[in-house]
Structure formats: structure tokens, C-alpha cells
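Understanding the architecture of this molecule
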Amino acid sequence: MGGDIKQLKPNPNSKCKQGYFDGYNPKKYFGKRPIIYRSSLEFNFMIKMEQNPQVKRWGSESITVKYQMQQKNKAGNIVTAEHNYNTDFIVELNSGNIYVVEVKPSSQVPLNEAQIKRNPMNYKNACKWRAAMAYCKLKGWEFKIVTELHLKTKVF
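So, on to the sheet that holds strand β9 (residues 142–146). Spatial ordering of the open sheet is given by β4-β7-β8-β9, a layout of four strands whose pairing is mixed. Two strands close off the open sheet at either side, each with one partner strand: β4 (55–60) and β9. On average, each strand axis in the sheet is inclined to that of its neighbour by 25 degrees, with strand direction left out of account. One ladder, built from five bridges, connects strand β8 (residues 98–103) with β9; its direction is parallel. When the sheet's bridge partners are listed, Val101 is paired in β9 with Lys144. Relative to the sheet, helix α3 (residues 120–139) contacts β8 and β9, its axis offset from that of β9 by approximately 145 degrees.

This is the structure we're talking about:
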């Protein structure tokens, strides 16, 4: 098991490897198809989910969480805007624990408030992740950020 790769139409703005993940067990995967990976990290995560016997089932881009963030409108005023965050993965373990998972390079995971405030992408990610944590808390689930460092070891 692993994943046969069919390449998506290349995105000239993306430096990431993207494609369709076909090497999945239909009894283990739930969610929409085709399964699209948007980076080599996501591809590697999918392989890990397929190979991990502790994973009962997993889905990709199955959950949408609403989040708010401060941003400038067309007039240049700061307003609170609502957006949708399509989470990367949902994973259910044999133990019954459920995780909503975001897969990101460690370089894109802010470590403190100063990093969040200095970088607009870090700020946006922090807003999305706070909303996802609150969503998971209401459901009794856990939100987890997985980086390339986690993929080198056992994720679950």
C-alpha cells in the first residue's frame, strides 16, 4: 500500500507536489473522492494513515469550520470577516479518539504571539486553528498539527 500518483494540473503558483491519492483502502477511507493531496507532507500523512493499524478510518477535507479574523476591507478599514476553514484530515483511532488534523511544514507553525502578529499567514493560520480547537472541544475531539517532524515518527 502506498499511493499511486496521478498528477493534478500543475499550479504555476505552487511549489508543492500535488496529486490524487489512489492507494487507499475503501473500508478505511471515508470522505469525498478523488482524494487530493496538496503537498508531499499531506501525501506522506495519507500513507501513514493507511499503514497505521491504530487508525480505524480517516477522511480528507471532510470538515468545514467557520472562523473570524480581523482584516482590511476595500475602504482600508479593519473589520471582522468570517471565513471557512476546510480542515486537512479527520482521523478516528480504534480507541475511539477522534482527531482533526492540519498538516503543515514546521516553518509555517508559529511558536508564539509575536510570530503570529508579525506574519499575516501565521495570523490567518492561528485564527483557523483556534476555531478548529473550539469546534473539536465541543465534539469531544482533539485538534492536532502535524509537521514533517511528526511524520518521521509515529503520528498516532
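Now for helix α1 (residues 40–51). With twelve residues, α1 extends 17 Å between its outermost C-alpha atoms, agreeing within 8% with the 16 Å of an ideal straight helix rising 1.5 Å per residue. Burial in α1 covers these residues: Leu41, Glu42, Phe43, Phe45, Met46, Ile47, Met49 and Glu50.

Time to look at the packing of aromatic side chains. Following the criterion strictly, the structure yields nine aromatic pairs and no others. Relative to Trp58, the ring of Phe21 has its centre 6.1 Å away and its plane inclined at 70 degrees; by these criteria the two rings are edge-to-face. Of this pair, Phe21 sits in strand β2 (residues 19–21) while Trp58 sits in strand β4, and the two are 37 residues apart along the sequence. Classification of Phe21 as buried rests on a relative accessible area of 0%.

Calculation rules
- Residues numbered from 1 in each chain as written.
- Predicted model: local features only at pLDDT ≥ 70, side-chain atom pairs only at ≥ 80, totals over all residues.
- Heavy atoms only, no water.
- Pairing = 2+ DSSP bridges.
- Helix = DSSP H or I, 4+ residues; strand = E, 2+ residues; numbered from the N terminus.
- Axes fitted to C-alpha atoms, helices over the stretch in contact; angles between N-to-C directions.
- Contact = heavy atoms within 4.5 Å.
- Expected span 1.5 Å × (residues − 1).
- Buried < 20%, exposed > 50% of the residue type's maximum accessible area, 1.4 Å probe, protein only.
- Phe/Tyr/Trp six-rings, centres within 6.5 Å; stacked < 30°, edge-to-face > 60°.

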